[in-house]
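Architecture and fold: a report
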Amino acid sequence: MPTPIRKAVFPVGGLGTRFLPATKAIPKEMLPVVDKPLIQYAVEEAKAAGIEEFIFVTGRGKQAIEDHFDHSAELEALLSARGQADLGALGMLHLPPGAVAYTRQQDPLGLGHAVWCARHLVGDEPFAVLLADELVLADTPCLAQLVSLYDRVGGCVFALADVPREQTSRYGIVDIARDDGRVIEIKGMVEKPSPAAAPSTVSIIGRYIMQPSVFAELERKEKGVGGEIQLTDALARLLGRMPFHGLRFEGERFDCGSKAGFLKAQIAFALKRPELRDELMAYIGDQAGSRP
Ligand code: G1P
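Where helix H9 (residues 259-271) contacts helix H10 (residues 274-290), the axes come no closer than 8 Å and their chain directions differ by 135°. It follows from the interaxial angle that H9 and H10 lie oblique. Contact residues: H9 offers Ile267, Ala270 and Leu271, while H10 offers Leu276, Arg277, Leu280, Met281 and Ile284. Among the residues making up the contact of H9 with H10, the classes are represented as seven nonpolar, no polar and one charged.

Take a look at the structure:
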């Protein structure tokens, strides 16, 4: 059995310029889908997969994330006075003292650099990385699906999704050694290739399990596409040293880094809520009927 995955890294330092002006004064990870911030979905997914330590790589202007996972004595006193002391029922989530750490990325040098900033907090053990702007609606949370595969195969395991060829330049794309329809053995990966250069149309979405040897590769600080230190490039250099697998996970994935993806997530998650479903369905039906 491979070493268990106890720690998860959440890179949350990005500026979120695609969602301006909403993200001028609040972190993009705090944008809500229905009534819960994106980052909380990612943290709940990690908890459901057995993660015990939560490491956030933040930056300037991201204090709201720290406050969000902390107690708010004032709010809790008010809710308790109103007879709403059950914070869990309100969807509130606190992370246990000592199980959460925040470090700052300081320079916006790319996703690889953000993960490298967590190296001392992760130490010498395998870990998960979750990107909060990818949201997955699934019966079994996406990271838990990856952990089940990892327990069988070890090494590095990523969540994968098929994308249209014209979108390969938005994602990390894998080169496939073997594909049984669900589990893919990976023999290469390229960050944001052009459609013509892409080795496949299977993209890495923001859920990873990786080995700590990735830190030595990130340490080289080699710049990749966009002049950034890319996580995909560092992982690619570990190929051949350990097994690499990807999983076409079960569930629907929303790229909440794009406005269309974010809006689709609002609708999909709202339709799952019994108190919203009927009203929203009626509204969508009316709109579909009355608009060209
Ligand atoms: C990052 C990764 C990319 C991955 C994507 C998933 O890109 O670098 O390999 O496919 O997340 O969302 P970003 O969205 O940060 O540009």
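What follows continues from the structure just given.
Time to look at H9. An ideal rise of 1.5 Å per residue puts 18 Å on 13 residues; H9 measures up with 18 Å between its terminal C-alpha atoms. Among all positions in H9, only Gly261, Phe262, Ala265, Gln266, Ala268, Phe269, Ala270 and Leu271 are buried. The inward-facing, buried residues of H9 contact strand S2 (32-33), helix H1 (38-48), strand S7 (134-137), strand S13 (252-255) and H10.

On the surface, Leu75, Leu78, Leu90 and Met92 cluster together to form a nonpolar patch covering roughly 310 Å² of accessible area. In this structure leucine 78 comes out as partly exposed when scored by relative accessible area, which is 43%.

A few words now on the layout of surface pockets. The calculated volume of the largest pocket comes to roughly 1,300 Å³. Along the walls of the largest pocket sit 46 residues, with Gly14, Lys28, Leu111, Asp133 and Glu228 positioned nearest its centre. Going through the elements one at a time, helix H4 (111-116), strand S11 (202-210) and helix H8 (231-236) are the ones with two or more residues in the lining of the largest pocket. Element by element, the count of residues in the lining of the largest pocket is highest for S11, at four residues. In this model, the second largest pocket occupies a volume close to 400 Å³. Along the wall of the second largest pocket there are 18 residues; nearest its centre are Tyr41, Val136, Leu137, Ala138 and Phe269. Along the lines of polarity and charge, the residues of the lining of the second largest pocket split into ten nonpolar, no polar and eight charged.

Two side chains bearing opposite charge may form a pair once their charged atoms approach each other closely. All chains considered together, the criterion is met by 22 salt bridges. With its nearest N and O atoms 2.8 Å apart, the salt bridge here joins lysine 192 to glutamate 191. A salt bridge links arginine 241 to glutamate 217; the nearest nitrogen and oxygen atoms lie 2.6 Å apart. One end of the pair, arginine 241, is in the loop between H8 and strand S12 (244-248); the other, glutamate 217, is in helix H7 (residues 214-219), and 24 residues separate them in sequence. What emerges from the salt-bridge pattern is a single network uniting Arg6, Lys7, Glu52, Glu53 and Glu125.

The next point concerns empty space enclosed by the protein. Following the criterion strictly, the structure yields one cavity of 30 Å³ or more and no others. Considering only enclosed or pocket space, the largest cavity measures out at about 30 Å³ in volume. Class assignment of the residues belonging to the lining of the largest cavity gives a composition of three nonpolar, one polar and four charged.

So, how was this worked out
Residues numbered from 1 in each chain as written. Predicted model: local features only at pLDDT ≥ 70, side-chain atom pairs only at ≥ 80, totals over all residues. Heavy atoms only, no water. Axes fitted to C-alpha atoms, helices over the stretch in contact; angles between N-to-C directions. Helix = DSSP H or I, 4+ residues; strand = E, 2+ residues; numbered from the N terminus. Parallel < 35°, antiparallel > 145°, perpendicular 65-115°, else oblique. Contact = heavy atoms within 4.5 Å. Nonpolar A, V, L, I, M, F, W, Y, C, P; charged D, E, K, R; others polar. Expected span 1.5 Å × (residues − 1). Buried < 20%, exposed > 50% of the residue type's maximum accessible area, 1.4 Å probe, protein only. Patch = residues over 30% accessible without salt bridge, like charges linked within 9 Å, V, L, I, M, F, W, Y side chains within 5 Å. Areas by Shrake-Rupley, 256 points an atom, 1.4 Å probe, with all protein chains shown as cover. Salt bridge = Lys/Arg side-chain N within 4 Å of Asp/Glu carboxyl O. 1 Å grid on protein atoms, 1.4 Å probe; cavity = no way out; pocket = protein on both sides within 12 Å on 5 of 7 lines; lining within 4 Å. Points joined across faces, edges and corners; volume = space filled by probe spheres on them.

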